[in-house]
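# Residue-level structural notes
Here's the letter readout for the chains.
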Amino acid sequence: MNARMSRALDQAAGLDGLLITPGPDLAYFTGQRPPITERLTLLVLRPGHQPHLIVPALELPHDPGELTLIAWEDGDDPYALVADLLDPRGRYAVSDSAWALHLLALQQVAPQTRYTSMTATLPMLRAVKDADEVALLAAAGAAADATYEQILGVRFAGRTERAIADDLARLLREHGHSQVDFTIVASGPNGADPHHEAGDRVIGEGDMVVLDFGGLKDGYGSDTTRTVHVGEPSAVEREVFDVVRAAQQAAFEAVRPGVACQDIDRVARRIIEDAGYGEFFIHRTGHGIGLTTHEPPYLVRGEEQPLVPGMCFSIEPGIYLPGRFGVRIEDIVTVTSSGGRRLNDTDHELAVIW
Ligand code: ZN
Ligand code: ZN
Ligand code: ZN
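Residues numbered from 1 in each chain as written. Chains lettered and ligands numbered in written order. Predicted model: local features only at pLDDT ≥ 70, side-chain atom pairs only at ≥ 80, totals over all residues. Heavy atoms only, no water.

## Details of the domain arrangement of the chain
By a frequent convention, interface size equals the accessible area lost on bringing the separate parts together. The domain architecture assigned to the chain consists of domain 1 (3-121) and domain 2 (131-353). For domain 1 and domain 2, the distance between their C-alpha centroids amounts to 35 Å. Listed per partner, the contact involves six residues of domain 1 and six residues of domain 2. Along the contact surface separating domain 1 from domain 2 lie zero salt bridges. Tallying contributions element by element places helix 2 (residues 24-30) first for the side of domain 1 that touches domain 2, with three residues. Here the residues of the side of domain 1 that touches domain 2 sort into three nonpolar, one polar and two charged. (Domains from an automatic or database assignment. Contact = heavy atoms within 4.5 Å. Salt bridge = Lys/Arg side-chain N within 4 Å of Asp/Glu carboxyl O. Helix = DSSP H or I, 4+ residues; strand = E, 2+ residues; numbered from the N terminus. Nonpolar A, V, L, I, M, F, W, Y, C, P; charged D, E, K, R; others polar.)

In structure tokens form, the structure reads like this:
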């Protein structure tokens, strides 16, 4: 049983075990990334037992390491094999990303067992990164930063949002991303939609443009946002931009161990409210990042979880003026013993581009 498995079972005191499906949880515990399909693959972790992997015979891992394999063939009932390992009246945490198909079938063969979600039960497990993970997130952040530096050199005016989005995706891959999850290019009034999909709008002089992009590099996520302006910005655009920048900076400076997640949100929100734009900040301040680009902890009202060294999350306040424009600035930040450290480090000034 490796250190991550032991740590998980320590944190899961009171549970009879963990049921891990392919996806970020299985990658976290074993490094393995088998296909996610209707054929059941399940890692069963129980205190005092070797880790068992129920796996389709045609997907046997080449290097199972310390896993005890239980292979099944088409026509077998893999859920019955799992049930044989479980305490029929036990309680188990299940990967958040487990398919309902699999969990419902398990409930059929083991109707008395009870299930709880991994993140509800073990909120700190993947939320607190070890040094290796922070290094991978820093490398992903540096790749996103290099992408931003280069996108500043491309022509915006006269080109569509989609063309810029394609440039971003290409640059992310050139800087080592194996997967691009999103390339938001939201120009002019489209910027008022935080999750605008890059489309056919042609970018022109006078446009604010929100650029929010990221994906996975060596298995770990990047996610950064900068807002740029084509030509000289108006006084109002500059004012709104400066409010967002101040909110992002204040929230970053508030990061230190022991501060509640919701207090980071509160710090950013207060600055935007005091400037008169509170109703236009329409989302939480941030989300965790790791093996996925959105995961706990969430910097959101009501989240009392205190910050812990090793946590990594976005700080991304924004202001969205319907029909006009939007501004958002986003960095990934990690918590250290003395405060926060940015994993995105490009300039926060409003870049004027053409
Ligand atoms: Zn403008
Ligand atoms: Zn983002
Ligand atoms: Zn984000």
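## Regarding the sheet that holds strand 5 (residues 91-94)
With respect to topology, six strands assemble into an open sheet ordered 4-3-2-1-5-6, the strand pairing being mixed. Bordering the open sheet on either side are strand 4 (68-72) and strand 6 (114-117), each of which pairs with just one other strand. Sheet twist, expressed as the mean angle between neighbouring strand axes with direction ignored, is 25 degrees. Summarising the sheet, strand 1 (residues 17-20) and strand 2 (residues 42-45) pair through three bridges and their orientation is antiparallel. Opposite Ile-20, over in strand 2, you have Leu-43 as the bridge partner. (Pairing = 2+ DSSP bridges. Axes fitted to C-alpha atoms, helices over the stretch in contact; angles between N-to-C directions.)

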